[in-house]
Amino acid sequence: VKAMHDAGLCVVLDVVYNHTTATENCGFELTVPGYFYRMREDGSFADGSGCGNETASEKPMMRKYMVESLEYWVKEYHIDGFRFDLMAIHDIETMNLIRQRLEALNPDILLYGEGWAAQAPLYDEDKLAFKRYTYRMPGVAAFSDDIRDALRGTLDLSKGGFIHGVEGNKEGVKFGIVGGVEHPEVEYREAAWTASPAQHISYVACHDDHNLRDRLEHISPDASREELQQMVRLAHLGVFTSQGIPFIFAGEEMYRSKLGEKNTYNLPDKYNAIDWALKSENANLVEYHKGLIAMRKAHPAFALGSAEAVREHLSFIDTDNEAAVGFVLDNLEGIDSAKRIVVLMNGSREAVEFAIPEGEYKWICDGEVVEPRGIGRYDAKDGKIAVAPISGIVLAAF
C-alpha cells in the first residue's frame, strides 16, 4: 500500500462480507451457531449471496465486526476505499454507519458496491442497500448497470447497445451522463437513484463478466478490428464524460482479451493475466485512454459534484437519431478553464448532424486523439457539426 501511495495511487480493497467460504467450521458459526447468518424457519441458511449462506449485517455483533474490521484496514494499512461485493445483502443502517465511522478516519474515503444480490435476501427489502435506495446512503456509491447496459448491451449477449447503433438506449446513456440524478431532460425507465452524481459508478465492464473486447467480438463477429476499437473508444468516452465516477477494467485500454471466457475467477493465468505486448500493439488506443484520464483531470466540469450543479450547467442537444447523444456543459466560469464544453457521441452507422451553440471552439477530442488543452480550431458559425459513425468528439470554448 505504501508503494502505491508513493507512486501517487490510492488503494481500494474488495471486501466480501455477504457470505463466508465455510459454514460449519467458520469462526462465526463456532462462536454462536446461527447468529451471524440469516436463517430460514426450518433452520437452513438463507442464500441471497448464491454461495450457500448470507450474513446478517443487521445483527449487532455482525455489524460490529464489519465496522471495526474496516476501521482496522484504514488505521493499520491506510486503505483508501472499499468495494462491497453484493452490497444489497447488507442493510442500509449498517452501510451508513460504516460511512460515518470511516469518514471520521479519512474524509476522502471511497465507498461503493454492487447494488444487487445474487438472489432475494431474507430480510426486509426496503431496508437493504439495493441500487434503487442509493440516495438514502450519502457518501456510498453503486455500480450503474444503467449506463453499462445502455452503452454496450445487456448481460445475455443477445444484442448490443448504443455503441452498436441499437436504438432504445439513448435515455440510458443520458441517465449515466447526469450521474443518475434527477434531471428534467432525462426520461427515466424507473427513477433516479442517486442524490449526488458521485454515487454513480460509470462503467461498461468489470472482472466478473466478459471484458469489452470479447463481448464486442461476440456480438459483432464481422466487424473489423478498427471498427471494434472505435466502439471501445466511444464506450469509454461515455464513461469518462459522465458526471459519475469513471471505472475501467484493467487492460481494457490496451484491448485485452480473456479468450472469450466470462467469469474467470476460477481460471488460470492464461485467461486472467494481462498480455503486456498488447500495449505496443494497440499504442493508439492506450494513448486515447490516457488522454481521457487527462481530460477528466483537466476539466472539473465533468465532475460538477452536486445534482443542483448538474441541472444548472448540463443540457442535452436534441437529435432525431436514437443512437446519438449530445450535451453541453455551459456557463463554466469559475468552475473550469473552458467556458463551454460540447460532447457529441454517435453510435449509429451513419454520420449525424448536431446543432451546437455558435462560437469558436478547440478540439479536445476528435474521435482518435484527446488533448485536454485543445488542438486546432473549429468555428461553429452556423451552429452545426457532423459527427462520423461510431465516433465521439469533444469541443471546448475557452
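Coordinates for the structure precede this section.
Definitions and limits used
Residues numbered from 1 in each chain as written. Predicted model: local features only at pLDDT ≥ 70, side-chain atom pairs only at ≥ 80, totals over all residues. Heavy atoms only, no water. Helix = DSSP H or I, 4+ residues; strand = E, 2+ residues; numbered from the N terminus. Buried < 20%, exposed > 50% of the residue type's maximum accessible area, 1.4 Å probe, protein only. Polar contact = N/O pair within 3.5 Å; in protein donor to acceptor, adjacent residues only side chain to side chain. Contact = heavy atoms within 4.5 Å. Pairing = 2+ DSSP bridges. Axes fitted to C-alpha atoms, helices over the stretch in contact; angles between N-to-C directions. Core = buried A, V, L, I, M, F, W, Y, C linked by side-chain atoms within 4.5 Å. Salt bridge = Lys/Arg side-chain N within 4 Å of Asp/Glu carboxyl O.

Trainee: Please give an account of the side chain of Ser49 that cites residues and values.
Mentor: Tracing the backbone shows Ser49 in the loop between α2 (27–31) and α3 (60–77). You can call Ser49 buried: its relative accessible area is 4%. A distance of 2.5 Å separates a polar side-chain atom of Ser49 from the backbone oxygen of Asn53. In this structure, Ser49 is in contact with Asn18, His19, Glu54, Leu86, Ile89 and Ala118, ignoring residues within four places of it in sequence.

Trainee: How would you sum up the sheet that holds strand β7 (residues 314–317)? Please name residues and give values.
Mentor: Spatially, β7-β8-β9-β14-β11-β12 is the arrangement adopted by the six strands of the open sheet, whose pairing is antiparallel. Taken across any chain shown, the strands that pair with only one partner, and hence form the sheet edges, are β7 and β12 (370–380). The average angle at which neighbouring strand axes cross in this sheet is 25°, direction not considered. Along the sheet, helix α6 (residues 170–177) contacts β7, β8 (324–329) and β9 (340–346); its crossing angle with β8, the most-contacted strand, is approximately 25°. Set on the sheet, helix α11 (residues 283–298) makes contact with β11 (359–365), β12 and β14 (391–397); between it and β12 the angle comes to about 80°.

Trainee: An account of the pairing of β7 is requested, with residue identities and associated values reported.
Mentor: In this structure, β7 lies alongside β8, joined through four bridges in antiparallel fashion. The residue bridging Leu314 from the neighbouring strand is Leu329, located in β8. Connecting β7 to the next strand, β8, in antiparallel fashion are six residues.

Trainee: I'd like a rundown of the side chain of Arg99, residues and numbers included.
Mentor: Structurally, the position occupied by Arg99 is in helix α4 (residues 92–105). According to the relative accessible area criterion, Arg99 is buried, its value standing at 19%. Residues contacting Arg99, with those up to four places away along its chain left out, are Leu111, Pro138, Gly139 and Val140.

Trainee: Account for the nonpolar core, with residues named and values stated.
Mentor: Among the nonpolar cores identified, the biggest contains 85 residues, and Phe82, Phe84, Ile98, Leu329, Ile341, Met345 and Val394 are the most heavily contacted of them. Of all hydrophobic cores here, the second largest spans 16 residues; its members include Ile317, Tyr361, Val387 and Leu395.

Trainee: Can you tell me about the sheet that holds strand β6 (residues 245–246), naming the residues and giving the values?
Mentor: Note: strands within a sheet are paired through backbone hydrogen bonds, in either parallel or antiparallel orientation. Taken together, six strands build an open sheet; the order of strands is β1-β2-β3-β4-β5-β6 and the sheet is parallel. Looking at strand neighbours, the two that pair on one side only are β1 (12–15) and β6, the edges of this open sheet. Alignment of strand β5 (residues 200–202) against β6, held across two bridges, turns out to be parallel. Paired with Ser202 across the strands is Pro246, a residue of β6.

Trainee: An account of the pattern of salt bridges is requested, with residue identities and associated values reported.
Mentor: Under the criterion given, the structure shown has 27 salt bridges. Across the salt bridge formed by Lys131 and Asp145, the nearest N and O atoms sit 2.6 Å from each other. Of this pair, Lys131 sits in the loop between β3 (110–113) and β4 (141–143) while Asp145 sits in helix α5 (residues 145–152), and the two are 14 residues apart along the sequence. Note on accessibility: Lys131 and Asp145 belong to one class, buried. Measuring nitrogen to oxygen at the nearest pair gives 2.8 Å for the salt bridge that ties Asp146 to Lys131. With a gap of 15 residues between them, Asp146 in helix α5 and Lys131 in the loop between β3 and β4 connect regions that are remote in the sequence.

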